[in-house]
Amino acid sequence: MTRAPHLASRLQGFGTTVFAEMSALAVATGSINLGQGFPDQPGPPEVLDVARAAIGTAHDQYPPGPGQLDLRTAVAEHQQRFRGLTYDPADEVLVTAGATEALTAALLALLEPGDEVVLFEPMYDSYAAAVAMAGGVLRPVRLRPPVVAAGEVSREPWTFDEADLRAAVTPRARLLLLNTPHNPTGKVLTAAELALLAEVAQDADLLVLTDEVYEHLVFSGAEHVSPATLPGMRERTLVVSSGGKTFSTTGWKIGWVCGPAPLVAAVRTAKQFLTYVNGGPFQPAIAAGLRLPDDYFRHVAHDLEQHRDLLVTGLAEAGLPVVSPQATYFGTVDVRPVQPDGDGWAFCRSLPERAGVVAVPTEVFYAPEHAALGRHLVRFAFCKQEEVLGEAVARLRRMR
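Predicted, not measured: the structure shown is a model, and the values here were computed from it.

Each helix and strand in the protein was counted, giving twelve helices and 14 strands. For the protein, whose C-alpha radius of gyration is 20 Å, the value lies close to the compact-globule estimate of 21 Å for 400 residues. With respect to the principal axes defined by its C-alpha atoms, the protein has extents near 55 × 50 × 45 Å. Relative to its full complement of 400 residues, the protein shows a buried share of 57%. Of all intrachain contacts in the protein linking residues separated by at least 6 positions in sequence, the fraction that spans at least 24 positions is 75%. Carbon and sulfur atoms form 53% of the exposed surface of the protein, whose accessible area is close to 16000 Å². For the protein, the distance from the average position of its 33 positive side-chain charges to the average position of its 45 negative side-chain charges is 4 Å.

Right, here's the structure in full:
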């Protein structure tokens, strides 16, 4: 990777994302891309048709800075309908350029240089960069995968130790950054875990920023509960989500943040100097999506669960130990049975030649000083059409 000598010191170490590298590798080798988490089929016509109709109208111009009122209203209705949370569309909902901008703007708005951010590791890769841009300091808490034998599938969740969590909260801690359902592990926080996190946040007077973009992609046996619903948490919590995963429109980049008006106002101050606004014709379309009947949200999770089962079974038949996720787009494997040195990067870079498939090394979701914890793990995405996954599974089986 080319070094960037003019890059500010706080961003040294952050280069081209692994998703760009692995997606380019998939194109160059003609491999099936199970690395980057984007669907390969269109979203619901009820959503797409609204966007098509909006193009060529006044929606092509700048929307209001906080987002179109109809979308903010739809977000508030959605939060009431699915989470029992009440937000005022006027000043407690802000539309953003995807969840990534919402999270970055929140960190830029709320952190002073040297403030510490407590979060779980492995972590989605933008978190570390956004905290660095805000001048913050990461305090990761380790998530541990279940022990799985070669060729087996575990449906046990990743876990963390309470002692590790409490030790990460120092007097400099300012914010607790949560991701549930969690990428890359697919973990859904349990009621007991959420209660512990709420206790820790309130005892230390932490702000809470929660990334819930996979809120509707939760599988049998698990239930997503927003941390903001717990007693004493709404007033300190910003809830982030987006329409990209739920409606298979990841390229539209329509996200939002909900929370108490003073916190949302702070985020809006930072956000207006990032993209300012975006996606005019897509905002009414996502509003329509959020108002789809309950059956849509049930079916999208059910269909994805079937795709999960297809992929994790194939990975196990390829001789890999597999952790089956409770939610999200991703399953995790331990590569050591087929890569004796346990080098996940080497496995991913050789996989196109070995099997015609692309995956992502989990190591990239750890802080550099903790990378060894995820060195032997690799993430595969199953948000693809069934015939694509079937072909990928057939290729992976031949690898064994």
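Moving on to the packing of helix α11 (residues 344–355) against helix α12 (residues 386–399). At a closest axis distance of 10 Å, the pairing of α11 and α12 adopts a crossing angle of 100°. Here α12 runs roughly perpendicular to α11, going by the angle between their axes. Taking contact as the criterion, the partners of Phe-347, Leu-351, Arg-354 and Ala-355 in α11 are, on α12, Arg-395, Leu-396 and Met-399. Here the residues of the contact of α11 with α12 sort into five nonpolar, no polar and two charged.

One can read the domain layout of the protein as domain 1 (9–42 + 295–397) and domain 2 (45–150 + 157–294). Of the residues lining the interface, 42 residues belong to domain 1; the matching set on domain 2 comes to 46 residues. Summing both partners gives a buried area of about 3700 Å² for domain 1 against domain 2, and 67% of it is carried by carbon and sulfur. It is Phe-297, Gln-326 and Phe-365 that lose the most area in domain 1 upon contact with domain 2, and together they represent 21% of the buried surface on that side. At the junction of domain 1 with domain 2, the criterion picks out zero salt bridges.

Ordered in space as β5-β10-β11-β14-β13, the five strands form an open sheet in which the pairing is mixed. Either end of the sheet is taken by a strand with one partner, and the two such strands are β5 (153–154) and β13 (360–361).

According to UniProt, the feature "domain: Aminotransferase class I/classII large" (unreviewed entry) maps to residues 32–396 in the numbering used here. Its end C-alpha atoms 11 Å apart, residues 32–396 is made of 37% helix and 16% strand.

What follows deals with a nonpolar patch on the surface. Among the surface-exposed residues, Leu-108, Met-133 and Leu-274 lie close enough to one another that they form a single nonpolar patch of about 230 Å² accessible area. Locating Leu-274 in the fold gives a position in the loop between α8 (261–271) and α9 (282–290).

With that out of the way, let us pick up the pairing of strand β3 (residues 116–121). The side chains of a regular strand alternate, first on one face of the sheet and then on the other. The buried fraction of β3 amounts to six of the six residues, a majority that puts the element mostly inside the structure. Neither face of β3 is left uncovered, since the one carrying Glu-116, Val-118 and Phe-120 and the one carrying Val-117, Leu-119 and Glu-121 both have all their residues buried. For the handedness criterion, the β-α-β arrangement of β3, helix α5 (residues 125–133) and strand β4 (residues 137–142) is classed as right-handed. In terms of strand pairing, β3 meets strand β6 (residues 173–179) through four bridges, oriented parallel. Across the sheet, Glu-116 pairs through a bridge with Ala-173, a residue of β6.

Pairing in this open sheet of seven strands is mixed, and the strands run β2-β9-β8-β7-β6-β3-β4 from one edge to the other. With one partner strand each, in any of the chains shown, β2 (93–97) and β4 form the two edges of the open sheet. Across this sheet, the average inter-strand angle for adjacent strands is 25°, counted without regard to direction.

Residues Leu-107, Leu-175, Leu-209, Leu-238, Leu-351, Phe-380 and Leu-396 are the most contacted members of the largest nonpolar core, which totals 98 residues. The element best represented in this core is helix α10 (residues 294–317), accounting for eight residues. Counting residues in hydrophobic clusters, the runner-up holds 27 residues, among them Leu-194, Val-200, Tyr-366 and Leu-377.

Calculation notes
Residues numbered from 1 in each chain as written. Predicted model: local features only at pLDDT ≥ 70, side-chain atom pairs only at ≥ 80, totals over all residues. Heavy atoms only, no water. Helix = DSSP H or I, 4+ residues; strand = E, 2+ residues; numbered from the N terminus. Rg over C-alpha atoms; globule rule 2.2 N^0.38 Å. Buried < 20%, exposed > 50% of the residue type's maximum accessible area, 1.4 Å probe, protein only. Contact = heavy atoms within 4.5 Å. Areas by Shrake-Rupley, 256 points an atom, 1.4 Å probe, with all protein chains shown as cover. Lys, Arg positive; Asp, Glu negative; His and termini not counted. Charge placed at Lys NZ, Arg CZ, Asp CG, Glu CD. Axes fitted to C-alpha atoms, helices over the stretch in contact; angles between N-to-C directions. Parallel < 35°, antiparallel > 145°, perpendicular 65-115°, else oblique. Nonpolar A, V, L, I, M, F, W, Y, C, P; charged D, E, K, R; others polar. Domains from an automatic or database assignment. Buried area = accessible area lost by both parts, 1.4 Å probe. Salt bridge = Lys/Arg side-chain N within 4 Å of Asp/Glu carboxyl O. Pairing = 2+ DSSP bridges. UniProt positions renumbered as here; feature names shortened; annotations may be inferred. Patch = residues over 30% accessible without salt bridge, like charges linked within 9 Å, V, L, I, M, F, W, Y side chains within 5 Å. Right-handed = clockwise from strand over helix to strand, strands pointing away. Core = buried A, V, L, I, M, F, W, Y, C linked by side-chain atoms within 4.5 Å.

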